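Reading the structure
Okay, here's what each chain looks like letter by letter:
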Amino acid sequence: MDLHHLKPHSHDSADKVDSALEASRAGMRALWISLGVLAATAAAQALIVVLSGSVALLGDTLHNVADALTAVPLGIAFWLGRRAATRAYTYGFGRAEDLAGIVIVLVIAASSVTAAWFAIDRLLDPRTMTHLPWVLGAGLVGFAGNEVVARYRITVGRRIGSAALVADGLHARTDGFTSLAVVFAAAGAWLGWSWADPVVGLVITVAIAFVLKDAAREVYRRLMDRVDPEIVDRAEEALRAIPGVRDVSGLRLRWIGHRMHAEAAVVVGADLSLLAAHEIAADAEHQLTHHVPRLLSATVHVDPDSHPGVGHHPDLSHDRRHRLELARLSGSGD
């Protein structure tokens, strides 16, 4: 049974814009809620760092502070993404989200270097860790706070298609595991292992480096307009299923912020009228936005089956210009 008859849907341009704005609102909501949780977690940990002198907890606190601060560039990006397209920025400002992803990667890298610096310094100049029960408790609180934030950001990021928000969620998840490492540092110090705290600090640095790699890969792919091949296959299947479409001669998809845009070329019968070909193109645009998740708009070009593909376009243009020039010369009496 056709689900369209059971559940009406709309692809009106206003509805698409409303959907994009709602995605931005969801992203902003995720950012500010997680910012509050992480700020409270980092503040509690910072107090215990001052009391205990734990370098492992210091590294974890720095990472939590960095993770909280990434909400700022992402929040700016979501705000910019709501602005309407202009004559200069005809695709809008969704790319600001990808730039925010670069800032997040740099912040993760800076926190990794800082944590490594303090850990090495503590190895060279050992100090006794104090207030061990509080340090252990701070590690557990840090893990819980970061895991809650990570799940929230990753879930919302994947739902709205934001690679930057997913990267930020991965960042928070790693913070959670580094917080657990602080627990081991406190346990080691309790057993009299003075080296445990700085060594765990270095382990935390390595963990941060791994999340840096994952986040950088996620942001790089988005900047390079990588699209999941399964989405491309799904779009092609939707186009080929349209009555009147004989082939798909071209298809390109790209991300702009957390929304996709498509450009497609379909092959139709050469004997169709302009109106009939236009109807097929309109149907193709409609079906693409219906079948491809987070696709905001589609531009469909129609090729006659006598001249399929863009390879014919230069010759067609040259031939047409030549005929127009001959007609102009003939009309002028030359």
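Above this text you will find the structure in question.
Numbering of residues starts from 1 in each chain and follows the order in which that chain's sequence is written. Where totals are concerned, whole chains, interfaces and linings use all residues; where local detail is concerned, this predicted model gives features only for residues with pLDDT of at least 70, and gives and counts side-chain atom pairs only at 80 or more. Heavy atoms from the whole structure form the basis of all side-chain values; hydrogens and water molecules are not counted.

With respect to the sheet that holds strand S3 (residues 295–304)
Ordered in space as S1-S2-S3, the three strands form an open sheet in which the pairing is mixed. Single-partner strands in this sheet number two, and they are strand S1 (247–256) and S3. Adjacent strand axes in the sheet meet at a mean angle of 15° when their direction is disregarded. Here strand S2 (residues 259–268) pairs with S3 via nine bridges, running parallel. Bridge assignment links Glu 263 to a residue of S3, and that residue is Thr 299. Pairs of residues are marked as contacts when any of their non-hydrogen atoms sit within 4.5 Å. Every axis in this analysis is a line fitted to C-alpha atoms, fitted for helices over the stretch in contact. Angles between the N-to-C directions lie between 0 and 180 degrees. Secondary structure elements are taken from DSSP: a helix is a run of H or I of four residues or more, a strand is a run of E of two residues or more, and numbering for both begins at the N terminus. Across the sheet, helix H8 (residues 229–240) lies against S1 and S2, angled at about 135° from S1, the strand it touches most. Any two strands between which DSSP finds at least two bridges are classified as paired.

Overview of the pattern of salt bridges
Basic side-chain nitrogens of Lys or Arg form a salt bridge, by our definition, when they fall within 4 Å of a carboxyl oxygen of Asp or Glu. Throughout the structure, instances matching the rule amount to ten salt bridges. Between Arg 254 and Asp 225 there is a salt bridge, with its nearest N and O atoms 2.9 Å apart. Here Arg 254, found in strand S1, pairs with Asp 225, found in the loop between helix H7 (196–223) and H8; they are 29 residues apart in sequence, far enough to count as distant. When its relative accessible area of 34% is taken as the criterion, Arg 254 is described as partly exposed. Residues joined by salt bridges that share partners form a network here, namely Arg 95, Asp 98, Asp 225 and Arg 254. Only protein chains enter the calculation, and the probe is 1.4 Å; a residue is then buried if its accessible area is under 20% of its type maximum, exposed if over 50%, and partly exposed in between.

Here's the deal with a nonpolar patch on the surface
For patches, a residue must show more than 30% relative accessible area and have no salt bridge; joins then use 9 Å for like charges and 5 Å for nonpolar side chains, namely Val, Leu, Ile, Met, Phe, Trp and Tyr. Only the protein chains shown count as cover for residues, with accessible areas throughout obtained via the Shrake-Rupley method and a probe of 1.4 Å. A surface patch of nonpolar side chains, amounting to about 610 Å² of accessible area, comprises Leu 99, Ile 102, Leu 106, Tyr 220, Leu 223 and Met 224. Elements with a contribution of two residues or more to the nonpolar patch: helix H4 (96–124) and H7. With three residues, H4 is the largest single contributor of residues to the nonpolar patch. Within the secondary structure, Leu 99 sits in helix H4.

Structural notes on the nonpolar core
Membership of the largest hydrophobic core comes to 33 residues, with the highest contact counts inside it found for Leu 57, Leu 74 and Leu 165. Residue assignment for this core shows that the elements contributing at least two residues are helix H1 (13–52), helix H3 (71–81), H4, helix H5 (132–160), helix H6 (163–190) and H7. Judged by nonpolar contacts, the second largest core, of 23 residues, contains Leu 253, Trp 255, Ala 281 and Val 292. Side-chain atoms within 4.5 Å are what join buried Ala, Val, Leu, Ile, Met, Phe, Trp, Tyr and Cys residues into a set we call a nonpolar core.

Some thoughts on the pairing of S1
Bridging between S1 and S2 involves nine bridges; their strand directions are antiparallel. Each residue of the ladder has a partner; that of Gly 250, found in S2, is Ala 265.

What to know about the side chain of Arg 222
Tracing the backbone shows Arg 222 in helix H7. It is Asp 98 that comes nearest to the buried, bridge-free Arg 222 among opposite-charge side chains, at 4.8 Å. Apart from the residues within four sequence positions on either side, Arg 222 is in contact with Arg 95, Asp 98, Gly 161, Ser 162, Ala 163, Trp 255, Gly 257 and His 258. In this tally Asp and Glu are treated as negative and Lys and Arg as positive; neither His nor the chain ends contributes.

Overview of the pairing of S2
Counted residue by residue, S2 has nine buried out of ten residues, so it is predominantly covered. As for the winding sense of the linkage, the β-α-β connection from S2 through helix H9 (residues 274–291) to S3 is right-handed. By convention a crossover is right-handed if, when the strands point away from the viewer, the path from the first strand over the helix to the second runs clockwise.

Quick word on H9
For H9, which comprises 18 residues, the first-to-last C-alpha distance of 26 Å matches the rise-based estimate of 26 Å (1.5 Å per residue) to within 8%. Within the sequence span of H9, burial applies to Ala 277, Ile 280, Ala 281, Ala 284, Gln 287, Leu 288 and Thr 289. Expected span of a helix: the number of residues minus one, times 1.5 Å.

A few points about unusual backbone geometry
Despite not being glycine, Asp 225 has its phi angle at roughly 65°, a positive value. With a phi angle near 60°, Arg 294 is a residue other than glycine that sits in the positive phi range. With respect to the helices and strands, Arg 294 occurs in the loop between H9 and S3.

What to know about the packing of aromatic side chains
To pair, rings of Phe, Tyr and Trp, with the six-membered ring standing in for Trp, must have centres within 6.5 Å; the planes then decide the type, stacked if under 30 degrees apart, edge-to-face if over 60, and tilted in the middle. Applying the stated criterion to the full structure yields one aromatic pair. Taking 4.9 Å as the distance between ring centres and 35° as the angle between the ring planes, the aromatic pair formed by Tyr 89 and Phe 93 counts as tilted. By relative accessible area, which is 14% here, Phe 93 ends up buried. In this scheme, Lys NZ or Arg CZ marks a charge over a ring once it lies within 6 Å of the ring centre and within 35 degrees of the ring normal. When the ring centre of Phe 93 is taken as reference, the NZ or CZ atom of Arg 83 above it lies at 4.5 Å. A cation sits over an aromatic face here: Arg 222 above Trp 255, 4.0 Å from the ring centre.

Some details on a negative patch on the surface
A cluster of like negative charges, contributed by Asp 228, Glu 230, Asp 233 and Glu 237, occupies part of the molecular surface. When you line up the elements, Glu 237 lands in helix H8. A residue is classified by how much of its surface remains accessible, and Glu 237, at 55% relative accessible area, is exposed. Note on charges: their place is set at NZ of Lys, CZ of Arg, CG of Asp or CD of Glu.

What about the packing of H8 against H9?
For the pair H8 and H9, the least separation of the axes is 9 Å and the interaxial angle reads 140°. Remark: the crossing between H8 and H9 carries right-handed chirality. For the pair H8 and H9, contact is made by Arg 234, Ala 235, Ala 238 and Leu 239 and by Ala 284, Leu 288 and His 291, respectively. Counted by class, the contact of H8 with H9 contains five nonpolar, one polar and one charged residues. Here a crossing is taken to be left-handed if its near helix is turned anticlockwise relative to the far helix by less than a right angle, and right-handed if that turn runs clockwise. Gly counts as polar in this scheme, as do all residues outside two lists: the nonpolar Ala, Val, Leu, Ile, Met, Phe, Trp, Tyr, Cys and Pro, and the charged Asp, Glu, Lys and Arg.

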